[in-house]
Amino acid sequence: MIPKTAELLQILPSQISETTANSPPKDDKSWQQQQADALREPARLLQQLALPDSLLAAAEAAGARFSLRVPAAWLARIEKGNPTDPLLRQILPAAEELRSSTAFSTDPVGDRAARAAPGLLHKYQGRVLLMTTGACAIHCRYCFRRHYPYSDDSLLTQLPAALDYIRTDNSIHEVILSGGDPLSLSNSRLAQLIQQIQTIAHVKRLRIHTRTPVALPERIDAGLLEVLNTVKLQSVMVIHCNHPEELDEQVLEALSALRQCGLTLLNQSVLLKGVNDNVDILSHLSQRLFSAGVLAYYLHQLDRVEGAQHFEVPDTEAIALHDALRQQLPGYLLPELVREQRGVGAKTPLQEVCRP
Ligand code: SF4
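Residues numbered from 1 in each chain as written. Predicted model: local features only at pLDDT ≥ 70, side-chain atom pairs only at ≥ 80, totals over all residues.

What is the right way to read the site of the ligand from this model?
Around the ligand, the neighbouring residues are Cys136, Ile138, His139, Cys140, Cys143, Arg145, Gly180, Asp181, Arg211 and His240. When the residues that make up the shell around the ligand are grouped by side-chain class, the tally is four nonpolar, three polar and three charged. (Near = placed C-beta within 6 Å. Nonpolar A, V, L, I, M, F, W, Y, C, P; charged D, E, K, R; others polar.)

Hey, could you run me through the packing of helix 9 (residues 187-198) against helix 11 (residues 222-229) in this one?
The description of two packed helices rests on the angle between their axes and on the distance between the axes. With their axes 9 Å apart at the nearest point, helix 9 and helix 11 run at an angle of 10° to one another. As far as their axial angle goes, helix 11 and helix 9 are roughly parallel. Across the interface between the two elements, Asn187, Leu190 and Ala191 from helix 9 touch Gly223, Leu224 and Val227 from helix 11. Considered class by class, the residues forming the contact of helix 9 with helix 11 number four nonpolar, two polar and no charged. (Axes fitted to C-alpha atoms, helices over the stretch in contact; angles between N-to-C directions. Helix = DSSP H or I, 4+ residues; strand = E, 2+ residues; numbered from the N terminus. Parallel < 35°, antiparallel > 145°, perpendicular 65-115°, else oblique. Contact = placed C-beta atoms within 7 Å.)

Mind showing me how you'd approach the pairing of strand 7 (residues 264-270) here?
Successive side chains on a regular strand alternate, one facing one side of the sheet and the next facing the other. With five of seven residues buried, strand 7 is to be regarded as a mostly interior element. In this structure, strand 6 (residues 234-240) lies alongside strand 7, joined through five bridges in parallel fashion. Within the sheet, the bridge partner assigned to Val236 lies in strand 7 and is Thr264. A crossover connection joins strand 6 to the parallel strand 7 through helix 12 (residues 249-259); in handedness this β-α-β unit is right-handed. One ladder, built from five bridges, connects strand 7 with strand 8 (residues 295-300); its direction is parallel. When the bridges of strand 8 are listed, Ser269 appears paired with Leu299. Each parallel crossover has a hand, and for strand 7 linked through helix 13 (residues 279-291) to strand 8 it is right-handed. (Buried ≥ 20, exposed ≤ 12 C-beta atoms within 10 Å, placed from the backbone. Pairing = 2+ DSSP bridges. Right-handed = clockwise from strand over helix to strand, strands pointing away.)

Can you walk me through the environment of Ala191 in this structure?
Structurally, the position occupied by Ala191 is in helix 9. Judged by the 20 C-beta atoms lying within 10 Å of it, Ala191 falls in the buried class. Placed 33 residues apart in sequence, Ala191 and Leu224 show a C-alpha to C-alpha distance of 8.6 Å.

Okay, structure coming up:
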C-alpha cells in the first residue's frame, strides 16, 4: 500500500532503509539489500582489491571526513592490484584529501546562498532543484556536495514549504530532483513526490539527476520503471558517468530500460585528473554513451570543493583537451565544457570564463 503523504513527509533519510524494508515491493528488496551491503570499510576495500596496506592509514583518515561507500556492482569493475584504476580513484579515500587550500571551500558553487525554501535551491531562471535526500549509492571523492549539511535540509520533512514555493512562482517550468541521489528513495516515495509536483500546472518538465543507474544498476527495477512510465511531465534523466569502464553490460541494460520509459537520457561528467583527463577516454565515453542512447551533455570543470584539490585539471589543459575532443567527435557527441560559478545565472563555458 502506498503510504499517505503525511506519513511520507515524516520519514527522515536516515530511516529510509529500515522503513522501506518493512513493506517494500518485492523487486525493491534486492537493490535495497545491495545498497545496505555497500562496502564502507577501507581495510576491506584494500583487501578485496589486493591493494597495499600502506594505503590504509590515509584511507581511514580521509574516510573519517567523508565516508567510503561503494556498491558491489562498482567494485566488480575495478582491476585488482591496480592502485591507479580510474574507478578506484573515484571512490578510495586518499591522503591528498587531507591537504587544504584557500581556493577550495566547503560550498564551492554557492548552494547555501541559493536556498530559497527548505530543501529547495533556486539558482537559474525557470527551474528549481529539490534536495530529495542526502543518501547516495556511492560516495564520489570529488563530490561538490561532500560537505553539504543534508541533515538541516531534509526535503522529506519539509516538502510542503518547497512545493508552496514552486506553486507561488509561475515562472518555474522545470523541477530537478537531486540530492544526494533521488533514486535512493523508494519507488513509492518517488511516485508520491512526482505526483505532488505534477499537481502544479505551470511545471512542465521533470529532471532527475542521478548516478545510481551507473553505480547501482540493480536499482532500475520493475517498480521504478512503472513509476517512470506513468510520469505525465516531459522527463529528462541526467546520469553521471566519467569513464567508459563504468558502462558494463548491466549498466547498459539499465539504461536501455530507462530509455524505453520515454525519458530523454543525458550524461554529465566531471573532468578528473588521473581518471578521464585524456582525449581518447573522453571520446570513447561519448561514443559508448551514445550507443546506449545517452547524449553527452556537460563536461564539468571540477567544482573547487575542499578535499578534492588533487582531481583538478588546470583550465588551460582542460580547454586544450576539449579542443582536441572537438577534432575527434561529431558536434552532437561533444559535451560542453563548463564551470559552475557562484552567483552566476547559468553554467559558463570554460573558454568564456578564461577569456582575457
Ligand atoms: S552520487 Fe553525486 S551527489 Fe552522491 S557522492 Fe557522487 S557526486 Fe556526490
